[in-house]
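# An overview of the molecular structure
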Amino acid sequence: MRRSRILFCLLAIALSPLFNLSYLSARESETLVALSKRALEAKDSAEIYSTFEELKTFYFKDNRYADFIEFLKSLAKKKKPLLAFVNYYTALCRYSQLKYLEEAQKWDEYFSQGNAYRNEITDNAAAAISATFAKEPVYLYSRLLLWQFHKDQQDAFIDGALSDLMLALSEYSRQSEEPAPVKSVAERLAAYGEKGKSKEAYKIYVNKIASQQVSSEELFNIAEGFYREDSLDLSELVFDVYIERISGLDKEKQLPILIDIARKFTYKDEGPKDMFYAEKIFGKIEETAGIAAFDQVLIYLRGFNLEKLKEFAGSEKVYTKLLEMYPAHPKADEINYKLGIISAYIMRDLNKGRAYFEKLAAKEEPTSHVISSLYQLGLLSQWSNDTAKAREHYNKLIEMAKDSFKEAVSLTKERIEELDAGKPMEYNLKTFLDTALSEEYAGFDMSKSELKASRYRLGSSKEVTVSSNVFLPESGCMQVEVQYLWSGDLGKASAQAGASSFNTSYTEPGTKIISLIIVSAQGIIDRNLDLLDVN
């Protein structure tokens, strides 16, 4: 008897002018009838919601918004408990329809029907909220949709809608165990740039997962899954809960896990990374088992991660410790050279920087870092007006290089020509050295600018993009025009003064220095420096 009633309802729907199947293929008609049957027979809200999501996909894939609205009206007439869902999906449909009309530039309908559609969004979302309880996902989703709508409109209701959404999220999290809607809210907040609110929502989501008697192994797998999806904020929150879970284990069991997590987030040219979080976990490792927990590979990884984080003081400390513990490290020359650069040009310790370069320059084998150290010693002497010493270093470089290291030799010959002609050093380079080494320029601490490369480990002739941003205080005046004075190891590039970025490549191995001065009509704004490693 019940089956007959259901079939009768479906037949009634199919014959209704509000539910016209004539525009559908036979397979689509079967799919729609099956989904209708599921909606009418659904036992609980979860089943209704999953069915309506499939219906949404069915109609949205071909932008059949008007047809979906008519279908929703017909469903509401057949089963009153569906009304709240009908209201929410009607609002969502009109919201999506407006987005589609904008993207497709269908301006006739957009302008003739836009206000009516906007009223349907707010009216139906409000109706869905009134017909549901805080513990129901549709209640939360309706609040989320209203906030998105007002945010898109940039109207006067944004702040109120956001407050209502966060209150709804709090109420929902207290009354419901289902975490998926919380995640949806967090993701939408993040997509709209509400980082603080998004993180708050993600924390609620993670706590819900952790409270559902999830094993530590499952928790790790969840965190790793988010990591693979590049949802790093969420991955880190879950890993934090997981790390807290395993804090009672023996050190021998904790350490391999912590090291694995740190490795995931360290700097890499491709793939998910968060250098701040990696350093946080490195700190946890050291706190748990001391420096003895780090082998030479892991110490280098930490130092390199700090270097790419531009935490040069921390990087200097780690690199120094690495050379103390492992003086014969395979990358000892690279590390000594970087310590020289960091000491001289970032920490403004000229004597300390020169000592690292002299240590390398004393070697007999002409490696890339030995050659580069000779060039740096020549630069420092030339800047200090010790021309005799500068010539000595430059000439030794050319003698050791022979027919190799052509990029370094080319730069060196430019400096020798300056000395021979009694000319000042090339302007961009001289300005960088002045701001890096003279105390009068100590205020330029690289905090007002950003310098980054598209990758930091390069193969020979592999192209890389180097770009800079300058952080100027907001002003109601016209935008400040700035110039970018590039110098250092620029490779094949010829960077223009007005260009904030350039592409380059290198044919020879070694650590390459990119140095930059940013100036405006009022004078120097900031200096910056970056290091690339060419294999």
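A brief structural summary. Owing to the predicted nature of the structure, the values given are computational and were not obtained by experimental measurement.

### Examining the overall build of the chain
A tally of regular secondary structure across the chain gives 22 helices and seven strands. Taken over the C-alpha trace, the chain has a radius of gyration of 32 Å; the compact-globule value for 535 residues is 24 Å, which it surpasses by more than 25%. Within the chain, the proportion of its 535 residues that are buried is 51%. Counted over contacts in the chain with a minimum sequence separation of 6, partners at least 24 positions apart contribute 61%. Per element, the accessible surface of the chain, about 26300 Å² overall, is 50% carbon and sulfur. Computed over 69 positive and 79 negative side-chain charges, the separation of the two mean positions in the chain equals 5 Å.

### Remarks on the environment of M425
As for its placement among the helices and strands, M425 is situated in the loop between α21 (406–421) and α22 (427–437). Note: C-alpha distance between M425 and Q148 (277 residues apart in sequence) is 57 Å. With near-sequence residues (within four places) excluded, M425 lies in contact with L379, Q382, W383, R415, E418, K430 and L433.

### Section: unusual backbone geometry
Positioned with a positive phi, N385 is a non-glycine residue whose angle comes to about 65°. With respect to the helices, strands and loops of the structure, N385 is situated in the loop between α19 (368–383) and α20 (387–401).

### Notes on the environment of V185
Secondary-structure assignment places V185 in helix α9 (residues 180–191). A residue is classified by how much of its surface remains accessible, and V185, at 0% relative accessible area, is buried.

### Some thoughts on the pattern of salt bridges
On inspection of all chains with the given rule, the structure shows 35 salt bridges. The closest approach of N and O atoms between D530 and K310, which form a salt bridge, is 3.8 Å. Linking D530 in strand β7 (residues 523–534) with K310 in the loop between α15 (296–308) and α16 (312–325), this pair joins segments that are 220 residues apart in sequence. Across the pair E334 and K338 runs a salt bridge whose closest N-O atoms are separated by 2.9 Å. Of this pair, E334 and K338 both sit in helix α17 (residues 332–346), four residues apart, which is roughly one turn of that helix. Classification of K338 by relative accessible area gives buried; the value is 0%. Members of the salt-bridge network, linked through shared partners, are E307, K308, K331, E334, K338 and D533.

Here is what the cut-offs are and how they apply
- Residues numbered from 1 in each chain as written.
- Predicted model: local features only at pLDDT ≥ 70, side-chain atom pairs only at ≥ 80, totals over all residues.
- Heavy atoms only, no water.
- Helix = DSSP H or I, 4+ residues; strand = E, 2+ residues; numbered from the N terminus.
- Rg over C-alpha atoms; globule rule 2.2 N^0.38 Å.
- Buried < 20%, exposed > 50% of the residue type's maximum accessible area, 1.4 Å probe, protein only.
- Contact = heavy atoms within 4.5 Å.
- Areas by Shrake-Rupley, 256 points an atom, 1.4 Å probe, with all protein chains shown as cover.
- Lys, Arg positive; Asp, Glu negative; His and termini not counted.
- Charge placed at Lys NZ, Arg CZ, Asp CG, Glu CD.
- Salt bridge = Lys/Arg side-chain N within 4 Å of Asp/Glu carboxyl O.

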